[in-house]
Amino acid sequence: AATRVFAFRDARWVPDPVLEPHPAVRSPQPVPLVIDNGSFQTRAGWASADPAVPAEPLLRFRSLAARSRGARGGAGAETQVGNDLGSPEPLRWLLRSPFDRNVPVQLELQELLLDHVFQRLGVTSQGCVDHPIVLTEAVCNPLYSRQMMSELLFECYQVPKVSYGVDSLYSFYHNKRHNWPCSGLVISSGYQCTHILPVLEGRLDAKNCKRINLGGCQAAVYLQRLLQLKYPGHFAAITLSRMEEILHEHSYIAEDYIEELQKWRSPDYYENNMHKMQLPFSNKLLGSTLTSEEKQERRQQQLRRLQELNARRREEKLQLDQERLDRLLYVQELLEDGHMDQFHKALVELNMDSAEELQSYINKLSLSVEQMKQKILQAEVNIEVDVVDSKPETPDLDPLGSEQSLEDVESINEFEPLFAEEQPQVEKPVAAVQPMFNLAEYHQLFLGTERIRAPEIVFQPSLIGEDQAGVAETMQYVLDRYPKEQQVVLVQNVFLTGGNTMYPGLKARIQKELLEMRPFQSTFQVHLASSPVLDAWYGARDWAVEYMNREEGWITRKDYEEKGGEYLKEHCASNVYVPIRLPKQAPRTAEASAPSRGLASSTSNPCEQA
């Protein structure tokens, strides 16, 4: 197969319109609003059993915000969110995300994202959001993060109730088939992290969950570094957005990484599987294709422009000095003509004290004017000389040639054949020995082993210097924490979800790793989510429709006020709630408790005595 050339799409994001919600969203009661709050992309839509309401996310935008500086003094500053940014590359250094890894920590930016969601979905309630909220959160989300999120939703938006769930578990239950067991091993790989989640009897076993701090973001950065080292001439053109496009459309997971690298050593395999990415043409390279004569001409033009600029500056300075000198000479004439009043008044205006000081300034300015005139004259002469010298002339190497004898001429003619052999090598034009330069190939990125090296970091984090275990080692570690019977149950339903699991060949790689780690003749099954990116939102919508009128899993405002923002009502796709345990009060010392013990000997507890 011939090598194909692919062009970067460099698609610009289209701003999200303000949608008009369907009447069924408001009546007979406000339906839940489902938000998949991902570190890469935010997805939002309605959860309604009415078929007239779309059962898909109506908003999908990158979880990014950027504040423009505007005019001086801070006037006109504007904050743009998600698709309103147009393209992330011009604003890369201004982009901000509310996430640290996969945990929201910047609640000011999170508020901007939620404002964008409520505004574009057409939430029209005054002063509050009267729809229940179903929100995804990270696995084993820190209590502080949930507390701040609950405070934002209940205090800022006045929501009636909220439910938190894990995105990968929503995806797991959305893909659950009739013959599927309630237990399984969920492998969720996203933009920032990869999780190994054991599910037993329908509930998450949070104690044995493991996280790998690698995902699509680290793969894109690694691929960018590889290609920037390979093509230093296109350093600025190799952007993160283009690297993400290469990962999404041209990368794959090798079933056996070492064996695949051996295949790429074959020239035929390289030619048949290598992808060429076409970069936009840039005319910056044309300067390097100029001949030596053209370069010399350009240098002379730059020299002439510089000389003209300097001559213009000298003339301006000469004019200013001449005007000042004329002014001082006029004041001196006043002194010579005997107009003393006008003379003293002029001295005050010039900030001078005496006629001697005036004479000193006149002498200095006269000298400066004469020197400047000499410089201008010399510069004009140099320009004329440069123009004359720029003409090619044959150098006269033998000024005494007219006095040579006939014998000398004949002796020189004897060596003419020898000189004739060396002369062509000296006068050979430079363009004749330069190789042909293909501008089309220069603006192409050749993707060979980079197609498998970037996604491989999830299995081998050492490729980028990370001191972590890969997916296979972590999966083996999690399974070893269970008895043999439970291991068999877990491996019967290994479920892959998340945007970073969409690489071709990932399912076969997981099957190969399981085949190596499981006992001989044991069985296992690996399933891939039907839509690894959107199944988390679909699962959250399914749960919201089913539990819309129940109390299970919903945190009401009363619960928030009584039990705190970190409180969580568990359900089938939620985290495990671990309440904050305050440290016990330290026991009082024996000396301090002795008097109390004597006064109330019947009470054995010092705290009760106090």
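From a predicted model like this one, the values you see are computed outputs, not experimental measurements.

Caption draft 1: Summary view of the overall build of the chain. The helix and strand inventory of the chain stands at 22 helices and 19 strands. A total of 610 residues make up the chain; the buried ones form 41% of that total. Only carbon and sulfur atoms are counted for the fraction: they give 52% of the accessible area of the chain, which is about 35400 Å².

Caption draft 2: Layout of the side chain of Asp16. Inspection of the secondary structure assignment puts Asp16 in the loop between strand E1 (5–7) and strand E2 (33–37). It is Arg120 that comes nearest to the buried, bridge-free Asp16 among opposite-charge side chains, at 5.0 Å. A polar atom in the side chain of Asp16 sits 2.9 Å from the side chain of Asn83. The contact partners of Asp16, leaving out residues within four places of it in the chain, are Leu59, Arg60, Phe61, Asn83, Asp84, His116 and Arg120.

Caption draft 3: Geometry of unusual backbone geometry. Cis geometry marks the peptide bond from Ser27 to Pro28, where omega comes out at 0°. By the element assignment, Pro28 lies in the loop between E1 and E2. Within the chain, Asp10 stands out as a residue other than glycine whose phi angle is a positive 45°. With respect to the helices and strands, Asp10 occurs in the loop between E1 and E2. Residue Cys140 is not a glycine yet carries a positive backbone phi of 55°. In this structure, Cys140 sits in the loop between strand E9 (133–137) and helix H2 (143–156).

Caption draft 4: Looking closely at the pairing of strand E11 (residues 184–189). Within E11, six of the six residues are buried, leaving the element largely enclosed by the surrounding structure. Side chains of E11 alternate between two faces, with Gly184, Val186 and Ser188 and Leu185, Ile187 and Ser189 buried alike. Two elements, E11 and strand E12 (residues 194–200), share six bridges in a ladder whose sense is antiparallel. Bridging across to E12, Val186 finds its partner in Leu197. Linking E11 to E12, which pair antiparallel, is a turn of four residues. Where E11 lies against strand E17 (residues 494–497), four bridges are found, and the strand directions are parallel. Paired with Ile187 across the two strands is Leu496, which belongs to E17.

Caption draft 5: Looking closely at the packing of aromatic side chains. According to the stated counting rule, one finds 11 aromatic pairs in the structure shown. For the pair Phe118 and Tyr157, a centre-to-centre distance of 4.9 Å together with 75° between the ring planes defines the contact as edge-to-face. One end of the pair, Phe118, is in helix H1 (residues 107–120); the other, Tyr157, is in the loop between H2 and strand E10 (161–166), and 39 residues separate them in sequence. Tyr157 shares its class with Phe118; the two are buried.

Caption draft 6: View of the nonpolar core. Core analysis: the biggest nonpolar cluster contains 52 residues, and Ile187, Leu227, Ile246, Leu445, Val471, Ile510 and Leu514 have the highest contact counts within it. With six residues, helix H4 (residues 216–230) is the largest single contributor of residues to this core. Aside from chain neighbours lying at most four places away, what touches Leu227 is Ile238, Met243, Ile246, Leu445, Leu447 and Glu450.

Caption draft 7: Highlighting the pattern of salt bridges. Across all of its chains, the model carries 22 salt bridges by this definition. In this structure, the salt-bridge partner of Glu245 is Arg9, at a minimum N-O distance of 3.9 Å. Here Glu245 is found in helix H5 (residues 240–250), whereas its partner Arg9 is found in the loop between E1 and E2, with 236 residues between them in sequence. Residue Asp10 pairs with Arg242 through a salt bridge whose shortest N-O separation is 2.8 Å. Here the residue Asp10 occupies a position in the loop between E1 and E2, and Arg242 occupies one in helix H5, the gap between them amounting to 232 residues.

Caption draft 8: Layout of the sheet that holds strand E4 (residues 59–62). Ordered by their spatial adjacency, six strands build an open sheet running E4-E3-E2-E9-E10-E19, and the pairing between neighbours is mixed. Each edge of the open sheet is held by one strand with a lone partner, namely E4 and strand E19 (555–556). Both E9 and E10 contribute to a ladder of five bridges, which runs parallel. Residue pairing across strands places Val134 opposite Ser163, the latter belonging to E10.

Caption draft 9: Representation of the pairing of E17 in the model. Every second residue of E17 is oriented toward a common face, with Val494 and Leu496 on one face and Phe495 and Thr497 on the other, all of them buried. In this sheet, strand E18 (residues 526–528) lies alongside E17 in parallel orientation, the contact comprising three bridges. Each residue of the ladder has a partner; that of Val494, found in E18, is Val526. After leaving E17, the chain enters helix H18 (residues 506–517) and then returns to the sheet as E18, a path that is right-handed.

Caption draft 10: How the structure looks around the UniProt feature "coiled-coil region" (unreviewed entry) in the chain. Cross-referencing UniProt, the feature "coiled-coil region" (unreviewed entry) maps to residues 292–326 and 355–382 in the present numbering. In residues 292–326, the share of helix is 100% and the share of strand is 0%. The end C-alpha atoms are 51 Å apart.

Caption draft 11: Looking closely at the packing of helix H8 (residues 292–337) against helix H9 (residues 340–349). Two numbers describe how H8 lies on H9: the axes approach to 8 Å, and their chain directions differ by 150°. With respect to H9, the axis of H8 lies roughly antiparallel. Note that H8 runs across H9; the crossing there is left-handed. Contacts between H8 and H9 involve Arg327, Val331, Leu334 and Leu335 on the former and, on the latter, Met340, Gln342, Phe343, Ala346 and Glu349. Looking at the contact of H8 with H9, its residues break down into six nonpolar, one polar and two charged.

Caption draft 12: Broad picture of the sheet that holds E1. With mixed pairing, the three strands of this open sheet are ordered in space as E1-E15-E16. The open sheet has two edge strands, E1 and strand E16 (444–447), and neither has a second partner. When the angles between neighbouring strand axes are averaged without regard to direction, this sheet yields 30°. As defined by bridge partners, E1 adjoins strand E15 (residues 275–278) across three bridges and the pair is classed as parallel. By the bridge assignment for E15, Phe6 is matched with Met277. In the packing of H5 onto the sheet, contacts are made with E1, E15 and E16, and the angle to E15 comes to roughly 145°.

About the criteria used
Residues numbered from 1 in each chain as written. Predicted model: local features only at pLDDT ≥ 70, side-chain atom pairs only at ≥ 80, totals over all residues. Heavy atoms only, no water. Helix = DSSP H or I, 4+ residues; strand = E, 2+ residues; numbered from the N terminus. Buried < 20%, exposed > 50% of the residue type's maximum accessible area, 1.4 Å probe, protein only. Areas by Shrake-Rupley, 256 points an atom, 1.4 Å probe, with all protein chains shown as cover. Lys, Arg positive; Asp, Glu negative; His and termini not counted. Salt bridge = Lys/Arg side-chain N within 4 Å of Asp/Glu carboxyl O. Polar contact = N/O pair within 3.5 Å; in protein donor to acceptor, adjacent residues only side chain to side chain. Contact = heavy atoms within 4.5 Å. Pairing = 2+ DSSP bridges. Phe/Tyr/Trp six-rings, centres within 6.5 Å; stacked < 30°, edge-to-face > 60°. Core = buried A, V, L, I, M, F, W, Y, C linked by side-chain atoms within 4.5 Å. Right-handed = clockwise from strand over helix to strand, strands pointing away. UniProt positions renumbered as here; feature names shortened; annotations may be inferred. Axes fitted to C-alpha atoms, helices over the stretch in contact; angles between N-to-C directions. Parallel < 35°, antiparallel > 145°, perpendicular 65-115°, else oblique. Left-handed = near helix turned anticlockwise from the far one by under 90°. Nonpolar A, V, L, I, M, F, W, Y, C, P; charged D, E, K, R; others polar.

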